[in-house]
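Topology and contacts: notes
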Amino acid sequence: MSNSALIVIDIQNEYFEDGGMELVDPLKAGKNARRVIDQFRRRKLPVVHIQHISSDPKAMPFFIDGTRAAEIHESVSPMPNELVIRKHFPNSFRETELLDYLRRNKIEELVVVGMMTHMCIDATVRAAVDLGFPCTVIDDACATRDLEINGSVVGALEVQHAFLAALAFFYAQVQDTETYLDLH
């Protein structure tokens, strides 16, 4: 674990009550993410916060720079010494300094928490593994929402299970908060 970093992806007000894209049970995910963050802080291991900012507010009217909705949620507020990386795409590595930071700090493996499981968690974990970083995803420290396809609604729990099962097949170890904290 000494060469690990925690990547906290997009736990922003937009995904909570009164946000523009409320997820299912974001408070629980935020609370569990905070428990993992606290462990990394106690062990003096790197915590990197990823903050999504819309690159085109007309095309994507969410995560507008300078709004309360785009701010990182208070449940996981960064400490002054923690890196906050702003991104414009689901993949946290795309056009950001994340890869350079991880290599510069000799990080060998990642632990990932955040939002949304089916989008930014999935994209970032797949990219991380392709770049050589083994990943652990903390399933109950992530959240998603109902999705629709061809007129059918897929419930958030099904979305969560499907995406995490796909990641667990090859890309990541998937554990709940209790299991992760007990093992580390």
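Note: the structure precedes this text.
These numbers come from a predicted model, not from an experiment. Note that residues are indexed from 1 along each chain, following the sequence as it is written. The predicted nature of this model means local features are confined to residues of pLDDT at least 70 and side-chain atom pairs, given and counted, to a pLDDT of 80 or more, with totals for whole chains, interfaces and linings taken over all residues. Processing note: side-chain calculations cover all non-hydrogen atoms of the structure and skip hydrogens and water entirely.

This paragraph deals with the side chain of threonine 144. Take threonine 144: it is sitting in the loop between strand E5 (135–143) and strand E6 (147–149). Here a residue-residue contact requires only that any non-hydrogen atoms of the pair lie within 4.5 Å. Residues within four places of threonine 144 in sequence aside, it is in contact with Leu23, Val24, Thr117, His118, Ala156, Val159 and Gln160. Helical segments are the DSSP runs of H or I of at least four residues, strand segments are the runs of E of at least two, and each set is numbered from the N terminus.

This next bit is on the packing of aromatic side chains. The pairing test for Phe, Tyr and Trp rings, Trp by its six-membered ring, is centres within 6.5 Å, and the orientation test on the planes gives stacked under 30 degrees, edge-to-face over 60, and tilted for anything in between. Applying the stated criterion across every chain, the model contains three aromatic pairs. Ring geometry for phenylalanine 170 versus tyrosine 171: centroids 5.0 Å apart, planes at 85 degrees, classification edge-to-face. Buried, partly exposed and exposed residues are distinguished by accessible area as a fraction of the type maximum, computed with a 1.4 Å probe on protein chains only: under 20%, between the cut-offs, and over 50%, respectively. Using a relative accessible area of 18% as the deciding quantity, one classes tyrosine 171 as buried.

Here, the term nonpolar core denotes a set of buried Ala, Val, Leu, Ile, Met, Phe, Trp, Tyr and Cys residues that are joined through side-chain atoms within 4.5 Å. The biggest cluster of nonpolar side chains holds 27 residues, and the ones touching the most others in it are Ile7, Leu102, Leu110, Val125 and Val137. Of all the secondary structure elements, the ones that give two or more residues to this core are strand E1 (4–9), strand E2 (47–52), helix H2 (98–104), strand E4 (109–115), helix H3 (117–130), E5 and helix H4 (156–170). The biggest single contributor to this core is H3, with five residues. In this view, valine 137 contacts Val112, Ile121, Val125, Cys142, Leu164, Leu167, Ala172, Gln173, Val174 and Gln175; residues no more than four positions away in its chain are not counted. Among the nonpolar cores identified, the runner-up in size contains 26 residues, and Val8, Met21, Ile72 and Tyr180 belong to it.

On to the sheet that holds strand E3 (residues 83–87). Strands are treated as partners if at least two bridges between them are detected by DSSP. With parallel pairing, six strands are arranged side by side in an open sheet as E3-E2-E1-E4-E5-E8. In the strand order of this sheet, the two ends are held by E3 and strand E8 (172–175), each with one partner. Taken over all neighbouring pairs, the strand axes of this sheet differ in orientation by 25 degrees on average, direction set aside. In terms of strand pairing, E5 meets E8 through four bridges, oriented parallel. Opposite valine 137, over in E8, you have valine 174 as the bridge partner. This element, helix H1 (residues 26–42), spans E1, E2, E4 and E5 of the sheet and lies at about 140 degrees to E5. Note on method: axes are straight lines fitted to C-alpha atoms, helices fitted across the in-contact stretch only, with angles between N-to-C directions ranging 0 to 180 degrees.

Moving on: the packing of H3 against H4. Taken N-terminus to C-terminus, the directions of H3 and H4 make an angle of 5 degrees; their axes are 10 Å apart at the nearest point. What the angle tells us is that H3 and H4 run roughly parallel. The segment H3 lies against H4, with Thr117, His118, Asp122, Val125, Arg126 and Val129 engaging Val159, Gln160, Phe163, Leu164, Ala166, Leu167 and Phe170. Amino acid classes used here: Ala, Val, Leu, Ile, Met, Phe, Trp, Tyr, Cys and Pro are nonpolar; Asp, Glu, Lys and Arg are charged; the rest, including Gly, are polar. Residues belonging to the contact of H3 with H4 are distributed by class as follows: eight nonpolar, three polar and two charged. For classification purposes, an angle smaller than 35 degrees is called roughly parallel, one larger than 145 roughly antiparallel, one from 65 to 115 roughly perpendicular, and anything else oblique.

Before going further, it helps to spend a moment on unusual backbone geometry. If a residue is not glycine, its phi is most likely negative; likewise, a peptide bond is most likely trans. The linkage connecting methionine 115 with the following residue, methionine 116, adopts the cis geometry, with an omega of -15 degrees. Relative to the elements of secondary structure, methionine 116 occurs in the loop between E4 and H3. Its identity as a non-glycine residue notwithstanding, aspartate 18 has a phi of 75 degrees, on the positive side. Summarising the element assignment, aspartate 18 is placed in the loop between E1 and H1. For aspartate 18, a relative accessible area of 76% corresponds to the exposed category.

Geometric values such as these leave the question of function open.
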